[in-house]
Amino acid sequence: MKILGIIPARYASTRFPGKPLIEIQGKTMVMRVYEQCKKCNDLTEVIVATDDIRIFDHVNQQGGLAIMTGLHHENGTSRCAEVVNTYRGFDAVINIQGDEPFINPAQISELASLLKSGSDIATLAHEMEENEQVENPNYVKVVMDFASNALYFSRSAIPFSRDLHEKNIAFFKHIGIYGFKPDVLVRLPHLEESYLDKKENLEQLRWLYWGYKIKVGISKYSSPSIDTPSDLDRILKSLG
């Protein structure tokens with residue numbers, strides 16, 4: 001199976017402008033993500049999709065592959081769909097978040113295996129540790145059915161429990177990496193917004209609302225994402 005890995009990278013982030021080009025121990029975040037993706041043998045090609053010439057120039061000058069995309073995209077999925085319309089001939093596409101500089105290549109392979117088994121849309125989740133902030137709205141949670149298809153994603157703690165430390169309840173944190181069959185991916189940006197994704201600000205709820213199934217793989221790995229400058233400070237401290 002030929003799988004295209006796409007890293008959407010936008011410069012004008014509301015919470016952290018210029019985020020893809022911040023340096024982490026001498027290397028930019030976007031190049032850290034790119035190099036981790038290149039280590040995954042399941043990806044046939046890896047592309048950075050950006051709307052900013054600074055990111056485009058930087059990636060290509062560093063030996064990576066970047067292409068320019070439009071300014072109109074409201075999310076990474078829409079940006080990936082534009083790339084797929086240009087880069088044809090792939091059996092599947094994996095959207096890798098550009099703010100996870102330490103993503104484990106094995107996570108990408110876990111997702112690739114779901115696509116190889118026939119899933120139209122797939123993503124990953126990781127069981128939350130007892131000391132993690134289950135009620136933190138920045139941690140998106142997911143619940144699945146018996147066949148590991150997503151039932152719902154939420155910024156709230158789901159399933160609800162009066163005791164969040166109850167031993168027989170597991171909470172799963174969504175890992176924001178997605179795999180798609182190309183013909184499905186190009187349809188998603190054209191779906192009408194639903195009240196669910198508008199309320200939670202989670203695009204995958206729009207897909208569920210309109211009847212798409214999302215297969216969820218439980219990953220053995222978890223990697224930190226950088227959404228804000230405080231996230232960066234925390235990671236730099238942990239790296240020493």
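Reading the values: the criteria
- Residues numbered from 1 in each chain as written.
- Predicted model: local features only at pLDDT ≥ 70, side-chain atom pairs only at ≥ 80, totals over all residues.
- Heavy atoms only, no water.
- Helix = DSSP H or I, 4+ residues; strand = E, 2+ residues; numbered from the N terminus.
- Rg over C-alpha atoms; globule rule 2.2 N^0.38 Å.
- Buried < 20%, exposed > 50% of the residue type's maximum accessible area, 1.4 Å probe, protein only.
- Contact = heavy atoms within 4.5 Å.
- Areas by Shrake-Rupley, 256 points an atom, 1.4 Å probe, with all protein chains shown as cover.
- Lys, Arg positive; Asp, Glu negative; His and termini not counted.
- Charge placed at Lys NZ, Arg CZ, Asp CG, Glu CD.
- Arc of directions from axis to C-beta.
- Salt bridge = Lys/Arg side-chain N within 4 Å of Asp/Glu carboxyl O.
- Polar contact = N/O pair within 3.5 Å; in protein donor to acceptor, adjacent residues only side chain to side chain.
- Core = buried A, V, L, I, M, F, W, Y, C linked by side-chain atoms within 4.5 Å.

Participant: Just checking my understanding: could you explain the overall build of the protein for this structure?
Facilitator: In terms of regular secondary structure, the protein is built from 8 helices and 11 strands. What you see for the protein is a C-alpha radius of gyration of 17 Å, in line with the 18 Å of a compact globule of 240 residues. Classification of the 240 residues of the protein by burial places 53% in the buried group. Partitioning the contacts of the protein with sequence separation of at least 6, the portion at a separation of at least 24 is 67%. Roughly 11,900 Å² of accessible area belongs to the protein as shown, and the carbon and sulfur atoms make up 48% of that amount. Separation between the mean location of the 27 positive side-chain charges and that of the 31 negative ones in the protein comes to 1 Å.

Participant: What am I meant to see in helix α8 (residues 229-239) here?
Facilitator: In an α-helix, one full turn covers 3.6 residues, which means residues spaced three or four apart are oriented alike. D231, L232 and I235 are the residues of α8 that are buried. On an axial view of α8, the arc spanned by its buried residues comes to 100°, and they lie on one face. Those residues of α8 that are buried are in contact with β2 (23-24).

Participant: So what exactly am I meant to see when it comes to the pattern of salt bridges here?
Facilitator: Oppositely charged side chains can form a pair if their charged atoms are brought close together. As enumerated under the stated definition, the model contains 7 salt bridges in all. Ionic pairing is found between D51 and R79, a salt bridge with its closest N-O pair at 3.4 Å. Placement of the pair is D51 in the loop between β4 (45-50) and α2 (53-61) and R79 in helix α3 (residues 76-86), with a sequence separation of 28 residues. When its relative accessible area of 17% is taken as the criterion, D51 is described as buried. Shared partners join several salt bridges into a network, and the residues in it are E74, D197 and R206.

Participant: Even after reading the chapter, I still don't get the side chain of H73, so can you show me in this structure?
Facilitator: Positionally, H73 belongs in the loop between β5 (66-68) and α3. A polar contact of 2.4 Å, which involves the side chain of H73, links it to the side chain of E82. In contact with H73, other than residues within four places in its own chain, are S78, R79 and E82.

Participant: Help me understand the nonpolar core in this model?
Facilitator: One broad rule of soluble globular proteins: the nonpolar side chains tend to lie buried together. Judged by nonpolar contacts, the single largest core of 35 residues is most densely connected at L43, V48, I94, I96, I108 and I177. A per-element tally of this core places helix α1 (residues 29-38) first, with 6 residues. Other than its neighbours up to four places away in sequence, I108 contacts C37, C40, L43, I94, I96, I103 and I177. Counting residues in hydrophobic clusters, the runner-up holds 32 residues, among them A49, I121, V142 and L191.

Participant: What is the right way to read α2 from this model?
Facilitator: Turning to α2, its buried residues are I55, H58 and V59. For α2, the arc enclosing every buried residue in end-on projection is 95°, short of the 170-degree limit, so these residues lie on one face. Residues of α2 that are buried sit in contact with β1 (3-9), β3 (27-28), α1, β4 and β5.

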